Amino acid sequence: MTFRPLLRQLPRKPIYDDLALLDPPKSSPAPKEDSLPSSPTPTDRLAGQIKHARLFIHAHTVRTEDRLNNFMSTVLHQEHSFTQTIASLAPPPETHERVMPGALYVLVAAMTGSIISRNRNILLRATVPFAVGLGAAWIVLPVTTRNVGELVWTYEEKAPVISINHMRIRGAIEEGWRQAKIREEATKKWFDERVGESREAVEGWVRKGR
């Protein structure tokens, strides 16, 4: 008698039920990390020093570049101001005033004044060439001389002592010039009167001689 048909009719029990009843395997604990910080390696220290050096060089390079840019800006501004100032001293074309020959004439006049006053005292040797050259400048280059005078006056206004003394000297010169013109006109009038009287006297003698 065979038992295989009976065995087939019995319910089959899973073979994994016994394993499921067992406790699940416990995971192995993770290794504990070292609580103490690890000291930096020589490579890390070298990288930090290189970083500080690069930041230091960059900061100084930027500062130097800013100073150089500010210096160049100042130089360009001064150059532009100087160019504009020189251009403002030149006479307008409609005046037909030429600076180059006029400047030579002024220089020759100043040298002539120096030659005339070379045997005089130190005050005359210092003032006569300047006065003669300035007079020649007002005659030969009136527009340029006026522009130069206005430029000098703008700088003198920054120093009150110099500007006050300049005004006094200028007032004295203008008063002396005015008095000289008054005397010139009076002398011319007196000379004309004398000439008129002499002419009338000569005409009277001529009429009497006839």
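Basis of the calculations
- Residues numbered from 1 in each chain as written.
- Predicted model: local features only at pLDDT ≥ 70, side-chain atom pairs only at ≥ 80, totals over all residues.
- Heavy atoms only, no water.
- UniProt positions renumbered as here; feature names shortened; annotations may be inferred.
- Axes fitted to C-alpha atoms, helices over the stretch in contact; angles between N-to-C directions.
- Helix = DSSP H or I, 4+ residues; strand = E, 2+ residues; numbered from the N terminus.
- Parallel < 35°, antiparallel > 145°, perpendicular 65-115°, else oblique.
- Contact = heavy atoms within 4.5 Å.
- Nonpolar A, V, L, I, M, F, W, Y, C, P; charged D, E, K, R; others polar.
- Buried < 20%, exposed > 50% of the residue type's maximum accessible area, 1.4 Å probe, protein only.

The name recorded for the protein chain in an unreviewed UniProt entry is MICOS complex subunit, from Letharia columbiana. Among the UniProt annotations of the protein chain, the heading Function (unreviewed entry) holds the following wording: "Component of the MICOS complex, a large protein complex of the mitochondrial inner membrane that plays crucial roles in the maintenance of crista junctions, inner membrane architecture, and formation of contact sites to the outer membrane." Turning to the protein chain, the UniProt record has this under Subunit (unreviewed entry): "Component of the mitochondrial contact site and cristae organizing system (MICOS) complex."

## Remarks on the packing of helix α5 (residues 122-140) against helix α6 (residues 142-156)
Packed helix pairs are characterised by how far apart their axes lie and by the angle those axes make with each other. At a minimum axis distance of 5 Å, the contact between α5 and α6 shows a crossing angle of 120 degrees. Taken as axis vectors, α5 and α6 run oblique relative to one another. Taking contact as the criterion, the partners of Leu 134, Ala 137, Trp 138, Ile 139 and Val 140 in α5 are, on α6, Pro 142, Thr 145 and Arg 146. Looking at the contact of α5 with α6, its residues break down into six nonpolar, one polar and one charged.

## Let's talk about the packing of helix α3 (residues 42-89) against α6
It is the contact of α3 with α6, at a shortest axis distance of 8 Å, that shows an interaxial angle of 140 degrees. By the angle between their axes, α3 is oblique relative to α6. In this structure, α3 uses Thr 85, Ser 88 and Leu 89 to contact α6, whose residues at the interface are Thr 144, Asn 147, Val 148 and Leu 151. Along the lines of polarity and charge, the residues of the contact of α3 with α6 split into three nonpolar, four polar and no charged.

## Quick look at unusual backbone geometry
Not every positive phi belongs to a glycine, and His 96 is a case in point at roughly 55 degrees. Structurally, the position occupied by His 96 is in the loop between α3 and α4 (99-116). Since its relative accessible area comes to 71%, His 96 is described here as exposed.

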